[in-house]
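# Structural characterization, general
Here are the chains, one letter per residue:
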Amino acid sequence: MSQLVTIFGGSGFVGRYIARRLAREGWRVRVAVRRPNEALFVKTYGVVGQVEPVLANIRDDTSVAAAIAGADAVVNCVGILSEDGRNTFDAVQAGGAERVARLAAEAGISRFVQISAIGADAGSDSAYARSKAEGEAAVLRHRPDAVILRPSIVFGAEDAFFNRFAGMSVLSPVLPIVGPATKFQPVYVDDVAQAAVMGVLGTAKPGTYELGGPEVATFRELMADMLDIVRRRKLVLGLPLWLGRAMGAAFDFLGAITLGLIKGPITRDQARNLGRDNVVADGARGFADLGIAPTAMEVVLPDYLWRFRPSGQYAEIKDSARHLKRG
């Protein structure tokens, strides 16, 4: 019988790519999520019965234990960008990671992969960054043989970064961004998935890897590149970090008094994170150590941002017709 992997958050942005790759490798894939009915699309990644979504709550021991029963490997992709009710950074990214690693160790599961993030720092003033670091430390206590992956901003067809700002460019003449000089090293989602699969297969040595693409660019430069691809001229308005934190605090308060019904475009914690560069640290292990050549943004972004162009899928045809008329 083929080997079984449980992927927590396997229907999410990064998790689905890992699930698809492992299914191609012949593994049986158990996609552990809170809402299995919303993850039925993962079944198409393999033959009948090969990829199955199952109910699991990373905050509950019994639920996690049931999801990993009989598995040969576990991948934890669960993470949140903002807190919502009981899904706090501590509960999900620290406590949840600890729970999965502890129960996987108790079950004798052979391989463990944790998806973290560049910027994980136990001494950070950001709750997000602290919880990521605490999650990593907890994983290593129970699974010193774990493979921990720290990607920078992840891009791909389903991303919440370029898609979000490209959508804003359709509706607004101005793109406000907090921390325009902050540097990022965007990484293609399928490259992250390839690294995770190497961890599952045992071809990646245990340890922590920081994953960044071939380009380092400021927030403002990334927005300029995105606008060029969607062929829109917009003003990129850089907001100072202090203003971003003030705005985040105001939106946090508004969300609290409306019991979460109103969510702002930025939280105070996210504004804090935007004050730090999000790039691979000097001397850190990364793609080169895994033998992976990271994919450039210019190869992928046009394939899914075209829909935000004024003429959408017909933009290329119109350009060709315009050139013919000039000729």
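Look up a bit, the structure's there.
Residues numbered from 1 in each chain as written. Predicted model: local features only at pLDDT ≥ 70, side-chain atom pairs only at ≥ 80, totals over all residues. Heavy atoms only, no water.

### Considerations on the pairing of strand β6 (residues 147-151)
The condition is simple: Buried, partly exposed and exposed residues are distinguished by accessible area as a fraction of the type maximum, computed with a 1.4 Å probe on protein chains only: under 20%, between the cut-offs, and over 50%, respectively. Secondary structure follows DSSP: runs of H or I at least 4 residues long count as helices, runs of E at least 2 residues long count as strands, and numbering of each begins at the N terminus. Pairing between strands is defined by DSSP: at least two bridges between the two strands are required.
Counting buried residues along β6, 5 of its 5 residues qualify, which places the element largely inside the surrounding structure. In β6, alternate side chains face the same way, and those of Val 147, Leu 149 and Pro 151 on one face and Ile 148 and Arg 150 on the other are all buried. Relative to β6, strand β5 (residues 111-115) is paired through 3 bridges, and the arrangement is parallel. Residue Val 113 lies in a different strand from β6, and its bridge partner there is Val 147. Where β6 meets strand β11 (residues 207-211), 5 bridges bridge the pair, whose relative direction is parallel. Counterpart to Pro 151 in the pairing with β11 is Leu 211.

### Considering the sheet that holds β11
Note the following rule: Lines fitted to the C-alpha atoms define the axes, with helices restricted to the stretch that makes contact. Angles between their N-to-C directions range from 0 to 180 degrees. Should any heavy atoms of two residues lie within 4.5 Å, those residues are considered in contact.
Pairing within the open sheet is parallel, and its 7 strands lie in the order β3-β2-β1-β4-β5-β6-β11. The open sheet is flanked by β3 (51-55) and β11, the only strands paired with a single partner. Between one strand and the next, the sheet's axes are offset by a mean angle of 20°, whatever the strand orientation. Direction of pairing for strand β4 (residues 73-76) relative to β5: parallel, over a ladder of 4 bridges. Its bridge partner lying in β5, Val 74 is registered against Phe 112. Its contacts with the sheet place helix α6 (residues 189-201) against β4, β5, β6 and β11, and it is angled at close to 155° to β5.

### Structural notes on the pattern of salt bridges
The criterion, for reference: The salt bridge criterion pairs a side-chain nitrogen of Lys or Arg with a carboxyl oxygen of Asp or Glu, the two atoms within 4 Å.
Tallied over the full model, the rule gives 10 salt bridges. Among the ionic pairs, Arg 99 bridges to Asp 61, the shortest N-O distance being 2.5 Å. Here the residue Arg 99 occupies a position in helix α3 (residues 89-106), and Asp 61 occupies one in helix α2 (residues 61-68), the gap between them amounting to 38 residues. According to the relative accessible area criterion, Asp 61 is partly exposed, its value standing at 32%. Measuring nitrogen to oxygen at the nearest pair gives 2.2 Å for the salt bridge that ties Asp 125 to Arg 276. In this pair, Asp 125 is assigned in the loop between β5 and α4 (127-142) and Arg 276 in the loop between α9 (268-273) and α10 (287-290), connecting sequence segments 151 residues apart. A relative accessible area of 42% places Asp 125 in the partly exposed class. According to the relative accessible area criterion, Arg 276 is partly exposed, its value standing at 32%. Through salt bridges with shared partners, one network takes in Asp 61, Glu 98, Arg 99 and Arg 102.

### Considering the packing of helix α1 (residues 13-24) against α6
Rule in force here: Each angle gets one of four labels, with under 35 degrees taken as roughly parallel, over 145 as roughly antiparallel, 65 to 115 as roughly perpendicular, and the rest as oblique. What makes a crossing left-handed is the near helix being turned counterclockwise from the far one by less than a right angle; a clockwise turn instead makes it right-handed. Side-chain classes follow a simple rule in which Ala, Val, Leu, Ile, Met, Phe, Trp, Tyr, Cys and Pro form the nonpolar group, Asp, Glu, Lys and Arg form the charged group, and the remainder, Gly included, forms the polar group.
Interaxial distance between α1 and α6 falls to 8 Å at its minimum, and their mutual angle equals 55°. It follows that α1 is oblique to α6 by the angle criterion. α6 is crossed by α1, and the crossing has right-handed handedness. Every residue of α6 that contacts α1 at Phe 13, Val 14, Tyr 17, Ile 18, Arg 21 and Leu 22 is listed here: Val 189, Asp 190, Val 192, Ala 193, Gln 194, Ala 196, Val 197 and Val 200. A class-by-class count of the residues in the contact of α1 with α6 yields 11 nonpolar, 1 polar and 2 charged.

### A word on the environment of Glu 210
This is how the line gets drawn: We call two N or O atoms a polar contact when they sit within 3.5 Å, provided that within protein one can donate a hydrogen and the other can accept it, with sequence-adjacent residues counted only if both atoms are side-chain atoms.
The residue Glu 210 is located in strand β11 in this model. Taking relative accessible area as the criterion, Glu 210 reaches 10% and is therefore assigned buried. Sequence-distant contacts of Glu 210, defined by excluding residues within four places in its chain, comprise Ile 118, Arg 150, Val 279, Val 280, Ala 281, Ala 284, Arg 285, Gly 286 and Phe 287. At 3.1 Å, the side chain of Glu 210 and the side chain of Arg 150 are in polar contact.

### Observations regarding the side chain of Gln 93
Topologically, Gln 93 is positioned in helix α3. Judged by its relative accessible area of 3%, Gln 93 is buried. Only 2.8 Å separates the side chain of Gln 93 from the backbone nitrogen of Ile 80, close enough to count as a polar contact. Side-chain polar atoms of Gln 93 contact the side chain of Ser 131, separated by 2.8 Å. Residues within four places of Gln 93 in sequence aside, it is in contact with Gly 79, Ile 80, Thr 88, Tyr 128, Ser 131, Lys 132 and Gly 135.

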